[in-house]
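Architecture and fold: a report
Listed below, chain by chain, are the residues.
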Amino acid sequence: MNQEFDADAPEDLSYAGSVVDKAIEYMIEQKINPISAASALLGGALGLLSRSMDDHAVAQVLRQALASVEAGELRDLPTLPRRS
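Some details on a nonpolar patch on the surface
Taken together, the side chains of Leu66, Val69, Leu74 and Leu77 present a nonpolar region at the surface, about 370 Å² in accessible area. With respect to the helices, strands and loops of the structure, leucine 77 is situated in the segment after α4 (55–70). Residue leucine 77 is classed as partly exposed on the basis of its relative accessible area of 49%.

This is the structure:
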C-alpha cells in the first residue's frame, strides 16, 4: 500500500475496516451474491465520499484504487471465506 497514504490515515481507519469486514462476512453468511455485496459496498462508499469530498478528490481516490488494482496489490489481501 502507498506509504504516504499510511502516514495520513486517520486513527479510526483500522476500526472502520473491521466493521466493513464484519458486514462482508455477514452478507456471505446470508448467501448474498459477492458481486451484489461488492456493488452495494462500492455504491455506498462512493455516496459517502461524494458527500465528504469534491468530485476531483473522489476521482483521485478512484485513481489510487485503480493503480492498486493494476499493480496487483489486491491479490496480496487476505481472502474471505468462500460461499458454500
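Structural notes on the side chain of serine 68
Within the secondary structure, serine 68 is located in helix α4. On the basis of relative accessibility, which here comes to 15%, the residue serine 68 falls in the buried class. Ignoring sequence-local partners within four residues, the contact set of serine 68 consists of Glu73 and Leu74.

Details of the confidence of the model for the protein chain
Of the residues in the protein chain, 85% have a pLDDT of 70 or more, and the chain-wide mean is 87. Averaged over each element, pLDDT in the protein chain is lowest for helix α1 (residues 3–8) (58) and highest for helix α3 (residues 34–52) (96).

Looking at unusual backbone geometry
In the Ramachandran plot, lysine 31 falls in the positive-phi region, its phi being about 65° despite a non-glycine side chain. The topology assignment puts lysine 31 in the loop between α2 (13–29) and α3.

Observations concerning the pattern of salt bridges
Applying the stated criterion across every chain, the model contains one salt bridge. A salt bridge links lysine 22 to glutamate 25; the nearest nitrogen and oxygen atoms lie 3.7 Å apart. Highlighted residues: lysine 22 and glutamate 25, both in helix α2, separated by three residues, approximately one helical turn.

Considering the packing of α3 against α4
With their axes 8 Å apart at the nearest point, α3 and α4 run at an angle of 140° to one another. One element, α3, and the other, α4, form an angle in the oblique class. Along the contact surface, α3 presents Leu46, Leu49 and Ser50, while α4 presents Val58, Val61 and Leu62. For the contact of α3 with α4, the class distribution of residues is five nonpolar, one polar and no charged.

Definitions and limits used
Every residue gets a number counted from 1 within its own chain, in the order that chain's sequence is written. Thresholds applied to this predicted model are a pLDDT of at least 70 for local features of residues and 80 or more for the giving and counting of side-chain atom pairs; totals over whole chains, interfaces and linings are not thresholded and use all residues. Side-chain figures throughout are based on the complete set of non-hydrogen atoms in the structure, without hydrogens or water. What goes into a patch is any residue over 30% in relative accessible area without a salt bridge, connected to like charges within 9 Å or, for nonpolar side chains (Val, Leu, Ile, Met, Phe, Trp, Tyr), within 5 Å. Using the Shrake-Rupley algorithm and a 1.4 Å probe, accessible areas are obtained, with residue cover drawn only from the displayed protein chains. The term salt bridge refers to a pairing of a side-chain nitrogen on Lys or Arg with a carboxyl oxygen on Asp or Glu at a separation within 4 Å. Secondary structure elements are taken from DSSP: a helix is a run of H or I of four residues or more, a strand is a run of E of two residues or more, and numbering for both begins at the N terminus. For the exposure calls, accessible area comes from a 1.4 Å probe over protein chains only, and a residue counts as buried if that area is under 20% of its type's maximum, exposed if over 50%, partly exposed in between. Should any heavy atoms of two residues lie within 4.5 Å, those residues are counted as being in contact. The pLDDT value expresses, per residue, how confident the predictor is, ranging between 0 and 100. To get an axis, fit a line to the C-alpha atoms, keeping to the stretch in contact for a helix; angles then go from 0 to 180 degrees between the N-to-C directions. An angle counts as roughly parallel when it lies under 35 degrees, as roughly antiparallel when it exceeds 145, as roughly perpendicular when it falls between 65 and 115, and as oblique in every other case. Any residue outside Ala, Val, Leu, Ile, Met, Phe, Trp, Tyr, Cys, Pro, Asp, Glu, Lys and Arg is labelled polar, Gly included; the first ten of those are nonpolar and the last four are charged.

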